[in-house]
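Listed below, chain by chain, are the residues.
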Amino acid sequence: MYLKKVFSLLLIVFSSSSLFSQQNQLRADMGIDFINTPSLIDYINQSNFASDGSQLPTFNTAVNFSGEYGRLLSENFQLSFELAYLIYSYNASNINGRYDISYGLIMPSALAFYVLSGNGYNFKFGGGAGIRFLSVDETLPASVRSDNYTSTGFGAILRAEGNTLLSGNFYANIITDIRYDFNGEPKGNQGNLHNNVLDENVNFNSLSVGIKLGVSYFF
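Residues numbered from 1 in each chain as written. Predicted model: local features only at pLDDT ≥ 70, side-chain atom pairs only at ≥ 80, totals over all residues. Heavy atoms only, no water.

On the surface, a cluster of nonpolar side chains totalling about 920 Å² of accessible area is made up of I32, F34, F59, F154, L158, I178, Y180, F182, L207 and V209. For the nonpolar patch, the element with the highest residue contribution is strand 7 (residues 170-182), accounting for three residues. With respect to the secondary-structure elements, L158 resides in strand 6 (residues 146-167). L158 sits in the exposed class, given a relative accessible area of 57%. (Patch = residues over 30% accessible without salt bridge, like charges linked within 9 Å, V, L, I, M, F, W, Y side chains within 5 Å. Areas by Shrake-Rupley, 256 points an atom, 1.4 Å probe, with all protein chains shown as cover. Salt bridge = Lys/Arg side-chain N within 4 Å of Asp/Glu carboxyl O. Helix = DSSP H or I, 4+ residues; strand = E, 2+ residues; numbered from the N terminus. Buried < 20%, exposed > 50% of the residue type's maximum accessible area, 1.4 Å probe, protein only.)

Listed below in structure tokens is the structure:
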């Protein structure tokens, strides 16, 4: 009786292993985020860094690089870990000199997906959250010194992802994201970035919509 139970358990494990023979996914992507950072936009526009003819719009573009490892835990459920890096920069010149600001946002996230798979395709719908590490560099007009400001925050993602077979275990990958990041008020040796017009510190909380293209490897 005991051997029968052990045999049955091994059969279930073996069958599950065969059914989900491609349990793991590695992905690398690059894309564009359309990002709205209201406090930063107000700071640039109201501090006369942007001239009247080049005021920043509500949404601006940033580059996003990401990599992901995911594991299929059942036929329709996958857990993943993603590491993404977003880069944004802005510069302008006026009678006072050249102004530069740029920031990098490191975004590790844990995600859960509902998965639909078939012969040569894979679709995932889900979301997740994680910690955020922000680093900002600013050079004021008539200055050669770049000041650095940092903060730690938190963010959440909603995602739809599609994979289409290229060859073997390699798939073409496309991702659309909606993301909100609470990046807080970065601080440096000079204190906080401060909007003197509104008399408030600048925060980098942001809403973004993004699209990424890349390659997935299933094994």
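On the surface, D42, E185, D199 and E200 cluster together into a negatively charged patch. Residue classification places E185 among the partly exposed residues on the basis of a relative accessible area of 41%. (Lys, Arg positive; Asp, Glu negative; His and termini not counted. Charge placed at Lys NZ, Arg CZ, Asp CG, Glu CD.)

Before going further, it helps to examine the packing of aromatic side chains. Inspection of the entire model under this criterion finds nine aromatic pairs. Note on Y121 and F123: the rings are 5.6 Å apart at their centroids and 45° apart in plane angle, and the pair reads as tilted. Both rings, one in F170 and one in Y217, keep their centres 4.9 Å apart while their planes meet at 50°; by these two values the pair is tilted. With F170 in strand 7 and Y217 in strand 12 (residues 206-218), this pair connects stretches of sequence that are 47 residues apart. For F170, a relative accessible area of 43% gives the class partly exposed. (Phe/Tyr/Trp six-rings, centres within 6.5 Å; stacked < 30°, edge-to-face > 60°.)

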